[in-house]
Structure formats: C-alpha cells, structure tokens
Amino acid sequence: MSDPKSERPDRVIDLAQADEVELRAAINQLSVPDADSDEQPPLIELLHADGRAASCMGWKSPVRVRAAGDWGHYAWAYNQGPDVHLYGNVGDGIAEGMADGIIRVHGNAGCGAGAAMTAGTLAIYGSAGPRCGAAMRGGGVFVLGDVGDDAGVGALAGTIVVGGDAGRNLGDRLHNVTVFIRGTATSLAPGVTKTSLRKKEEVRLGLLLMSASIRGSASDFQRVIPVARLEAEEAGQGELRPNWR
C-alpha cells in the first residue's frame with residue numbers, strides 16, 4: 001500500500017479525549033471491505049499521540065491508521081490486523097505480541113520491538129534498541145538502521161532483518177529464527193554463525209524487503225543462523241526440507 005501521509009482521513013480521533021477500552025471496541029466493530037475487494041479500508045488519523053503508553057492495544061480490524069508524535073512504552077501491542085504508519089519515535093515494546101497486520105515506524109524504537117510477536121510485520125525505518133524480536137514465534141521485524149544487544153534472543157521462529165549494524169549476542173542457537181544483516185554485529189550468540197544467502201533465501205529476502213517498503217538488494221545481506229542448521233543445509237537436508245516454507 002502507498003504511504004497515506006497526505007491522504008484525507010475517513011475519521012479523526014483525539015486520543016487525549018478517547019477511552020482506550022471504548023475506542024478498541026469501536027474500531028473492532030467497524031465495517032471494512034472484504035479482503036477480495038478493491039476498496040481500501042477506512043483511514044483513521046490519531047491526534048495527540050505524544051507520550052501515549054499501552055495505547056491502541058488489541059485492535060483486530062484491518063483499518064489503516066496514521067499518527068504523528070512520539071509514543072510511550074507498549075503501544076500497539078497484541079494487534080491482529082491494522083495497517084499502521086507512525087510518524088515519530090516509539091518507546092519499549094512496540095508491537096509486542098502482534099498476531100497480524102503491519103506497523104511502520106517512521107522513527108526509532110526502544111527496547112523489545114516486536115517481542116513475542118506471532119505473525120505480521122513490524123518495519124522500523126530508524127534504529128531499534130536491545131532485545132529486538134526477542135521471543136518471537138513468527139512474523140517479521142525489519143529495522144532499516146541498527147539494533148542493540150540480544151536481538152532475536154529466545155526467538156522460536158520468524159525473521160529479523162537488520163539494515164545496519166547489531167550489538168552483542170545476535171541470534172539464537174536453539175531455535176529457528178533467521179536474521180538477515182547488512183552490517184556487522186559486535187558479537188554473535190554462542191552456537192550461531194554468519195553465512196551467505198542461498199539463492200532461495202535471496203529471493204525470499206528480496207520479497208520481504210519489498211513487502212516492508214525497504215529499499216536495498218538482498219545480495220547485500222548475510223544470514224545469521226544456528227551452526228547446527230547450517231551443517232544440516234550443507235549435508236543436503238536444508239534443500240530437501242527448507243525451514244522457511
């Protein structure tokens with residue numbers, strides 16, 4: 001979808017005047033076009049987002065949203081469908097536990113961005129703090145800039161794409177998370193290695209970059225995966241049973 005920054009909204013909501021529980025119920029009951037329809041879902045503009053913590057959680061409707069301002073911690077957690085553009089920075093825990101939809105942060109994010117998410121896409125067009133993608137179960141986190149320490153720690157599955165550099169302890173040796181990184185990491189997690197992309201992975205990453213509206217060539221990236229997974233691929237198992245399907 002195109003960037004809705006200049007599009008006229010269908011509805012304007014002042015967060016300073018809204019009750020969070022009532023707002024969530026109203027959003028989840030909105031009438032939206034069918035998935036097969038060419039009609040766009042309604043565009044909602046949110047005002048007075050500055051400092052909003054634990055806000056806009058649990059939205060299930062596939063509405064489109066835009067908001068400007070710097071959010072507090074744990075905003076937009078546990079969502080299941082909205083397509084969100086946030087123009088500003090966000091605090092810790094953005095999109096924690098997200099189960100569907102896409103959240104685009106046109107700014108920087110704090111600690112734990114996308115932690116414990118199970119599906120959907122979180123795209124951060126600045127940098128992110130430590131523990132980005134921690135304990136993920138699925139979905140994708142895309143960071144155009146750098147990430148802090150412990151990115152992907154405890155992640156069971158999913159994809160983390162880092163356009164810049166990473167801090168210490170990148171990746172997780174025990175699980176099936178894949179990290180693509182364009183820059184360098186201060187250190188990798190124990191039992192994790194950096195390796196080049198296979199052709200299938202290069203195609204896959206190219207599609208993921210396009211889906212997150214991030215420019216760049218997949219060939220500029222390397223994979224960070226468990227050593228055991230790389231050994232299985234080299235033994236032929238990875239091509240026969242690719243983990244990303």
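Located above this text is the structure these notes cover.
Residues numbered from 1 in each chain as written. Predicted model: local features only at pLDDT ≥ 70, side-chain atom pairs only at ≥ 80, totals over all residues. Heavy atoms only, no water.

What about the nonpolar core?
- Ranked by internal contacts, the top residues of the largest apolar core, which has 47 residues, are L46, W71, W76, L86, I94 and L122.
- Residues in contact with L86, not counting those within four places in the same chain, are A67, W71, W76, I94, I103, R104, V105 and H106. (Core = buried A, V, L, I, M, F, W, Y, C linked by side-chain atoms within 4.5 Å. Buried < 20%, exposed > 50% of the residue type's maximum accessible area, 1.4 Å probe, protein only. Contact = heavy atoms within 4.5 Å.)

Description of the environment of A67
- Position of A67 relative to the elements: it lies in strand β3 (residues 64-68).
- Between the C-alpha atom of A67 and that of M136, which follows or precedes it by 69 residues, the distance is 26 Å.
- Contact partners of A67, with chain neighbours within four places excluded, come to L46, A49, H85, L86 and Y87. (Helix = DSSP H or I, 4+ residues; strand = E, 2+ residues; numbered from the N terminus.)

Some thoughts on the sheet that holds β3
- The strand order across the open sheet built from eleven strands is β1-β2-β3-β4-β5-β6-β7-β8-β9-β11-β10, with neighbouring strands paired in mixed fashion. Edge positions in the open sheet fall to β1 (11-14) and β10 (192-195), since each of these has one partner strand only. Taken pair by pair, the neighbouring strands of this sheet meet at an average axis angle of 15°, ignoring direction.
- Sheet strands touched by helix α3 (residues 227-234): β9 (178-181), β10 and β11 (222-226). Its angle to β11, the strand with the most contacts, is close to 105°. (Pairing = 2+ DSSP bridges. Axes fitted to C-alpha atoms, helices over the stretch in contact; angles between N-to-C directions.)

Overview of the pattern of salt bridges
- A full pass over the atoms with the stated rule returns eleven salt bridges.
- With a shortest N-O distance of 3.8 Å, E201 and R198 are connected by a salt bridge.
- A salt bridge links R229 to E233, with the nearest nitrogen and oxygen atoms 3.8 Å apart. Of this pair, R229 and E233 are both found in helix α3, four residues apart, which corresponds to roughly one turn of the helix.
- By sharing partners, the salt bridges in this structure join R198, E201, R204, R223, R229 and E233 into a single network. (Salt bridge = Lys/Arg side-chain N within 4 Å of Asp/Glu carboxyl O.)

Overview of a nonpolar patch on the surface
- Residues V203, L207 and M210 make up a contiguous nonpolar surface patch of about 330 Å² in total accessible area.
- Looking at the element boundaries, V203 is found in helix α2 (residues 199-211). (Patch = residues over 30% accessible without salt bridge, like charges linked within 9 Å, V, L, I, M, F, W, Y side chains within 5 Å. Areas by Shrake-Rupley, 256 points an atom, 1.4 Å probe, with all protein chains shown as cover.)

Some thoughts on the side chain of R104
- Positionally, R104 belongs in strand β5 (residues 100-105).
- At 3.3 Å, the side chain of R104 forms a polar contact with the side chain of H85.
- If we ignore the near neighbours within four places in the chain, the residues touching R104 are D83, V84, H85, L86, A123, Y125 and S213. (Polar contact = N/O pair within 3.5 Å; in protein donor to acceptor, adjacent residues only side chain to side chain.)

So, α3
- Looking only at α3, the buried set comprises R229, L230 and E233. Relative to the axis of α3, the buried residues are bounded by an arc of 100° and lie together on one face. Exposed positions of α3 whose direction lies more than 90 degrees from the buried face are A228 and E234.
- Positive phi appears at G236, one or two residues downstream of α3, with a value of about 105°. (Arc of directions from axis to C-beta.)

Here's the deal with the environment of D83
- Mapped onto the fold, D83 is located in strand β4 (residues 80-87).
- Classification of D83 by relative accessible area gives buried; the value is 9%.
- For D83 and G158, which are 75 residues apart along the polypeptide, the C-alpha to C-alpha distance reads 19 Å.
- A polar atom in the side chain of D83 sits 2.5 Å from the side chain of R104.

Considerations on unusual backbone geometry
- Look at Y74: it is not a glycine, yet its phi comes out positive at around 60°.
- The backbone of A135 shows a phi angle near 60°, a positive value even though the residue is not glycine.
- Residue placement: A135 occurs in the loop between β6 (121-124) and β7 (137-143).
- Among the residues examined, A135 registers a relative accessible area of 25% and is labelled partly exposed.

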